[in-house]
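Summary of structural features
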Amino acid sequence: QVQLVESGGGLVQAGGSLRLSCAASGRTFSSYTMGWFRQAPGKEREFVAAISRTGGITYYADSVKGRFTISRDNAKNTVYLQMNSLKPEDTALYYCAAERMGWGTNAVAYVAEDEYDYWGQGTQVTVSS
């Protein structure tokens, strides 16, 4: 079983940048597909970004495409979400998630939250206008 701990959230002004980190326990991190989701108060949790096990395939929600970048360092058991040009609409609790299987180029699987097996507790990102 993998345990995930997010960090790096905080308060930033619109247009600013922030990098989130998700540290994973366990010895099989490189075997996991990783994703980022977010949930704003009163709204449903939504997909943000995902990355394949080797980092060769990435997917992004249209709302963050071109501004956010997901990456991973399997040697450090860590996945990152670099967030640039932040907008107030990005304010949410950001969750890291892991799935044991690889999905190749099946985009439908990467964006579906119920496909992921493990979840972190979340880190808050607040963007002021």
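Above this note sits the structure.
The present account deals with the structure reproduced in this document. Note that the structure is predicted; figures quoted are calculated from it, not measured.

Counting its secondary structure elements, the protein contains one helix and 11 strands. Of the regular secondary structure in the protein, the N- to C-terminal order runs β-β-β-β-β-β-β-β-β-α-β-β. Relative to its length of 129 residues, the protein is compact, with a C-alpha radius of gyration of 14 Å against a globular reference of 14 Å. Principal axes of the C-alpha set define a box for the protein whose edges measure 40 × 25 × 25 Å. Taken over 129 residues, the protein has a buried fraction of 43%.

Time to look at the pairing of strand 3 (residues 18-24). Most of strand 3 sits out of view: five of its seven residues are buried. Here strand 1 (residues 4-7) pairs with strand 3 via four bridges, running antiparallel. Across the sheet, V5 pairs through a bridge with A23, a residue of strand 3. Bridge count between strand 3 and strand 8 (residues 78-83): six bridges; the pairing is antiparallel.

Before going further, it helps to examine the sheet that holds strand 7 (residues 68-73). Spatially, four strands are ordered 1-3-8-7 in an open sheet, and the strand pairing comes out antiparallel. In this open sheet, the two edge strands, each paired with only one partner strand, are strand 1 and strand 7. The sheet shows a mean angle of 15° between the axes of neighbouring strands, direction not considered.

So, about the pattern of salt bridges. Close approach of charged atoms allows side chains of opposite charge to pair. One pass over the structure, following the stated rule, counts six salt bridges. Note that R67 and D90 form a salt bridge whose closest N and O atoms lie 2.8 Å from each other. Taken together, the residues R67 in the loop between strand 6 (58-60) and strand 7 and D90 in the loop between strand 8 and strand 9 (92-99) connect sequence positions 23 residues apart. By the burial criterion, R67 is buried, and D90 matches it.

The subject of this paragraph is the nonpolar core. Counting residues in each nonpolar core, the largest one holds 40 residues, and the members touching the most others are L4, M34, W36, V79, L81, M83 and Y94. Every residue in contact with Y94, bar those within four places of it in the chain, is listed here: E6, L20, W36, F37, R38, V48, F68, L81, M83, G122, T123 and V125.

So, on to the state of the cysteines. In total, this model carries one disulfide according to the counting rule given. Disulfide pairing is shown between C22 and C96; the S-S distance is 2.1 Å. Here C22 and C96 share a disulfide; its torsion about the S-S bond, -80°, makes the bridge left-handed. With C22 in strand 3 and C96 in strand 9, the pair connects residues that are 74 residues apart, well separated along the chain. Of the residues examined, C22 reaches a relative accessible area of 0% and is grouped as buried. With a relative accessible area of 0%, C96 lands in the buried category.

In this structure, R38 sits in strand 4 (residues 33-39). Looking at R38, the relative accessible area reads 5%, which means it is buried. For R38, the side chain forms a polar contact with the side chain of Y94, separated by 2.9 Å. In contact with R38, not counting residues within four places along its chain, are E44, R45, E46, V48, S63, V64, F68, E89, D90, A92, L93 and Y94.

Thresholds, definitions, all that
- Residues numbered from 1 in each chain as written.
- Predicted model: local features only at pLDDT ≥ 70, side-chain atom pairs only at ≥ 80, totals over all residues.
- Heavy atoms only, no water.
- Helix = DSSP H or I, 4+ residues; strand = E, 2+ residues; numbered from the N terminus.
- Rg over C-alpha atoms; globule rule 2.2 N^0.38 Å.
- Buried < 20%, exposed > 50% of the residue type's maximum accessible area, 1.4 Å probe, protein only.
- Pairing = 2+ DSSP bridges.
- Axes fitted to C-alpha atoms, helices over the stretch in contact; angles between N-to-C directions.
- Salt bridge = Lys/Arg side-chain N within 4 Å of Asp/Glu carboxyl O.
- Core = buried A, V, L, I, M, F, W, Y, C linked by side-chain atoms within 4.5 Å.
- Contact = heavy atoms within 4.5 Å.
- Disulfide = S-S within 2.5 Å.
- Polar contact = N/O pair within 3.5 Å; in protein donor to acceptor, adjacent residues only side chain to side chain.

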